[in-house]
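Secondary and tertiary structure notes
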Amino acid sequence: MAKTILAIGAHVGDMELTVGGTLATCALEGGRIVTLALTAGEKGVPAGRDIAEYRQQKCAEARAFAEKLGGEAHVLDYPDGLLSDDDAARFAVCDVIRAVKPDVILTHHAESMHKDHAACHRIVHDAWFYAATPGFERSGAAHFARLYFAENWEDATGYRPYLYAQVSGEGFALWQEAVQTHWFVTGSTSFPYYEYYSHLKRLRGIEARKGYAETFMVLPEEQRQIRAL
């Protein structure tokens, strides 16, 4: 069944790298994908470039990635590195959730070396609650979605793969093409993003006895499996 997936990252590029294979596979299977970045991630500006101009470039890269998957991209106005961990941000995300009406929300794991990633996790978790609760009166009707947390090298503390989502071969190829719309993926010398996440998707695929896969955590209260022995 085709799904609508809303992937919410702290910066443009976070979700495109970590869950891009899942997004691409969903799109190829007739689903709808939407990305939401709470900041543009503009502080990673290339040497000698203007931060404001790079922010515009990052927003364009978010749109380019989404368009290759037939989806849409949104970027909030918070500055990179200074994401506001408050209810204004939570209700902004709540409003997007209610407008998009996703079946699935993907975002950051709770612990991270990056303050924006950890703040994004807290913001999305609360926004998920606000969006599903009719008592919070907003412009859109209440909406519930399943919530999963992505695998990210910067969010490694405490991360343990719980769910494996198969990425199709076609989805992997589409992700490889689409993610190269981001300068930092191919041009940054600080970390081999493209190589790392390409190999990680293959490694997780091997573990799942598939070609490619991406892994996710769920809330602690949802870590139950009921099956016949």
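Going by the structure above, here's the rest.
In this text the structure is predicted, and so the values were computed from the model without any measurement.

**Observations concerning the environment of W153**
- By secondary structure assignment, the location of W153 is in the loop between β5 (146–150) and β6 (163–167).
- Counting along the chain gives 135 residues from W153 to T18, while the straight-line C-alpha distance between them is 9.0 Å.
- With residues near it in sequence (within four places) discarded, W153 still touches M113, F191, Y193, Y196 and Y197.

**As for the pairing of β5**
- The element β5 is extensively covered by neighbouring structure, given that four of its five residues are classed as buried.
- Pairing between strand β4 (residues 104–108) and β5: five bridges, direction parallel. Among the inter-strand pairings, H108 is bridged to a residue of β5, identified as A150.
- In this structure, β5 lies alongside strand β7 (residues 212–217), joined through two bridges in antiparallel fashion.

**Details of the packing of aromatic side chains**
- Enumeration according to the criterion identifies 16 aromatic pairs in this entry.
- Centroid distance W175 to Y194: 6.1 Å. Interplanar angle 10°. Geometry classified as stacked. Pair noted here: W175 is in helix α6 (residues 169–179) and Y194 is in helix α8 (residues 193–207), with a separation of 19 residues, a long-range link.
- When its relative accessible area of 0% is taken as the criterion, W175 is described as buried.

**Notes on the nonpolar core**
- If you look at the biggest cluster of nonpolar residues, it comprises 38 residues, and the most contacted ones within it are L17, V19, L23, L69, L106 and W175.
- Listed in part, the 31 residues of the second largest apolar core include L76, F91, V93 and A145.

**Some thoughts on the pattern of salt bridges**
- Enumeration according to the criterion identifies 10 salt bridges in this entry.
- For D95, the salt bridge identified is with R138, shortest N-O distance 2.8 Å. Taken together, the residues span a long stretch of sequence, with D95 in helix α4 (residues 87–100) and R138 in the loop between α5 (115–132) and β5 at a distance of 43 residues.
- R138 gets classed as partly exposed once you look at its relative accessible area, which sits at 36%.
- The residue R204 makes a salt bridge to E207 at a minimum N-O spacing of 2.8 Å.

Cut-offs applied
- Residues numbered from 1 in each chain as written.
- Predicted model: local features only at pLDDT ≥ 70, side-chain atom pairs only at ≥ 80, totals over all residues.
- Heavy atoms only, no water.
- Helix = DSSP H or I, 4+ residues; strand = E, 2+ residues; numbered from the N terminus.
- Contact = heavy atoms within 4.5 Å.
- Buried < 20%, exposed > 50% of the residue type's maximum accessible area, 1.4 Å probe, protein only.
- Pairing = 2+ DSSP bridges.
- Phe/Tyr/Trp six-rings, centres within 6.5 Å; stacked < 30°, edge-to-face > 60°.
- Core = buried A, V, L, I, M, F, W, Y, C linked by side-chain atoms within 4.5 Å.
- Salt bridge = Lys/Arg side-chain N within 4 Å of Asp/Glu carboxyl O.

Worth remembering: the numbers are spatial, not functional.
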